[in-house]
Amino acid sequence: MKNLTSYLLIFAMIFTMSCSNEKSDLAGNNSEFEADAEDLDANGLPKILFEVQTPIMPNTQEYTIELDRWDIPNNGTNAIKTTTNLQAAIDWAHQESYSRVILPKGEYLVGEDVNDIYQGGIKIYDNTEFIFSEGAILEIDTNDKWNYCVISLDGDNIIIRDGIIKGDRDTHIFTPRDSDGKTAHDEGHGICVWNTSNQVLIENMEIHSLTGDGSLVLDSNDVTFINNNIYNNRRQGISIVGGKRIEIKDNEIHHISGTAPQFGIDIEGAGRVDEEILIQNNYFHHNTGGDIVNTSGEDVFILDNVMEQGEGSTYVDGPIVSWHKTHNIIARNTITMVTGSANGRLGYIQYSGGGDKGHNRATYVHDNVCNSCGMYMYKSSDADVRRNKFYGYFLAFSEFENAILIDNLVTYSEAHPKLRFCWSYRFNDVTGFASGNYLGDDPEEIPLSKTIPHTLQCVLDGW
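Residues numbered from 1 in each chain as written. Predicted model: local features only at pLDDT ≥ 70, side-chain atom pairs only at ≥ 80, totals over all residues. Heavy atoms only, no water.

Remarks on the environment of Ile 246
Let me state the cut-off plainly: Labels follow the DSSP assignment, with helices taken as runs of H or I lasting at least four residues and strands as runs of E lasting at least two, numbered in each case from the N terminus. It only takes one pair of heavy atoms within 4.5 Å for two residues to be counted as in contact.
Tracing the backbone through its elements, the reader meets Ile 246 in strand E17 (residues 236–249). Sequence separation of Ile 246 and Glu 139 is 107 residues, and the distance between their C-alpha atoms is 26 Å. In this view, Ile 246 contacts Val 52, Val 217, Ser 220, Val 223, Ile 240, Glu 276, Ile 277 and Leu 278; residues no more than four positions away in its chain are not counted.

Below, the structure written as structure tokens:
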């Protein structure tokens, strides 16, 4: 993912217009908010109008895989034999209409050579709840392939739960690709939710040490991740590359580092549809790229998460990143930064190249706490920013229409005295409405107008 120019360069630009003496147009109120009307809850946030469908098994028939019968090693050896025989047992259970298939305790080394770039693992079919017994580990064998799936889902109505999936990042052989000589090998996944699989639940899994992502969601609907520990993967925790009605709740996603983008969650459809996504009550930390990036999603709710840079970790982009054409509701998150990223200490930044958003909906940023960090949006329109606390950094808008700022608090850091006064609230060519905002203990009058763009003199001065 490309990083944008540092905030210092952006704010050091000399602008050609001065509106420092403009009078505020605060006679208006929320009626001036011109984005599309939303169905709002009591706190002024859009209601979640979608419900993710979870799997319902057609029967209660249960089969515990018989290791002796199928001659399946469970001591972490003989990947070809393990893969072939374990898959045969799973296939048989599916043909016999068992809805619950249990993997006994043990270490299962899997992997088969499918083609020059793909290493195959285990396939799970529709109408199956695949359960790991306590102490069961499924591990991909050391390979030199660009792509692999330790578990690949092939069908609808599937549950994967209660186990450990381990990748081969520590032993992987990074051979150059014949087509271009590159060695990123960034498509090694723990669980692949693809082939238009729908109604999938991934619960209580430990997924780690993949050369790519803990899980890839590709063109699938109604996918739920709950109570998983996803860590030490090179590219992402979870990648959503085309998905509708996705729920990611109560997970710990951490120590993602190795090859770009290196985010906890990446919503990046690459021309596919990503919408109706709920990311709630997760704990993110030590993720090198950042925690959540949304490049393509609409109706994305980012709620009640804890995001910590973590001691000894460095962000590339920052905790929350969105792109201009996305639609986000960001509320009640607690974000803590230790040092700055390429964007400075911005807990939330919206990237934009300007132009049409493709919709007329507002970005909602409510009730977040940003420790040693702030937020910045530019070359866009329609933001509803209320009751946030930005400790030790700034709140900024540039070339922005209809910014609604109500009851926010910004403080400055004693360690960064220049971030006081003019730096604490930053505006260049911004229209909107502001009321009840504070700089430390003091009310901060922000003369935003519905019609007259506001620019601070210190921005014009290149401060």
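Text resumes after the structure shown.
Some thoughts on the pairing of strand E28 (residues 346–351)
The condition is simple: Three labels apply to residues, based on accessible area from a 1.4 Å probe with only protein chains included: buried if under 20% of the type maximum, exposed if over 50%, partly exposed otherwise in between. Following DSSP output, two strands are said to pair if at least two bridges run between them.
Within E28, 6 of the 6 residues are buried, which leaves it mostly tucked inside the rest of the structure. Sheet topology places strand E25 (residues 318–323) next to E28; 4 bridges connect them, and they run parallel. Counted as the bridge partner of Ile 320 is Tyr 348 from E28. Bridge count for E28 against strand E31 (residues 374–386) is 4 bridges, and the pairing is parallel. Bridge pairing links Tyr 348 to Met 375 in E31.

Focus: the nonpolar core
Operational definition: Residues grouped as a nonpolar core are buried Ala, Val, Leu, Ile, Met, Phe, Trp, Tyr and Cys residues, joined through side-chain atoms within 4.5 Å.
Within the largest apolar cluster, 84 residues are counted, with the highest numbers of intra-cluster contacts made by Ile 65, Phe 132, Ile 160 and Phe 397. Sort the elements by how many residues they give to this core and strand E33 (residues 395–406) lands first, with 5 residues. If we ignore the near neighbours within four places in the chain, the residues touching Ile 160 are Ile 124, Phe 130, Phe 132, Ile 151, Leu 153, Ile 191, Leu 201, Ile 202, Glu 203 and Met 205. If you look at the next biggest cluster of nonpolar residues, it comprises 12 residues, including Val 293, Leu 346, Tyr 351 and Tyr 393.

Focus on the environment of Gly 163
If you trace the backbone, Gly 163 turns up in the loop between strand E10 (158–161) and strand E11 (164–166). Look at Gly 163 and you get buried, because its relative accessible area is 6%. Along the backbone, Gly 163 and Glu 206 are 43 residues apart, and their C-alpha atoms lie at a distance of 6.3 Å. Every residue in contact with Gly 163, bar those within four places of it in the chain, is listed here: Phe 132, Ala 136, Asn 204, Met 205 and Glu 206.

What about the environment of Asp 91?
Among the secondary structure elements, Asp 91 is positioned in helix H3 (residues 79–95). Judged by its relative accessible area of 22%, Asp 91 is partly exposed. Taking C-alpha positions, Asp 91 is 8.2 Å from Tyr 125, a pair spaced 34 residues apart along the chain.

Don't take any of this as a statement about function, it's just geometry.
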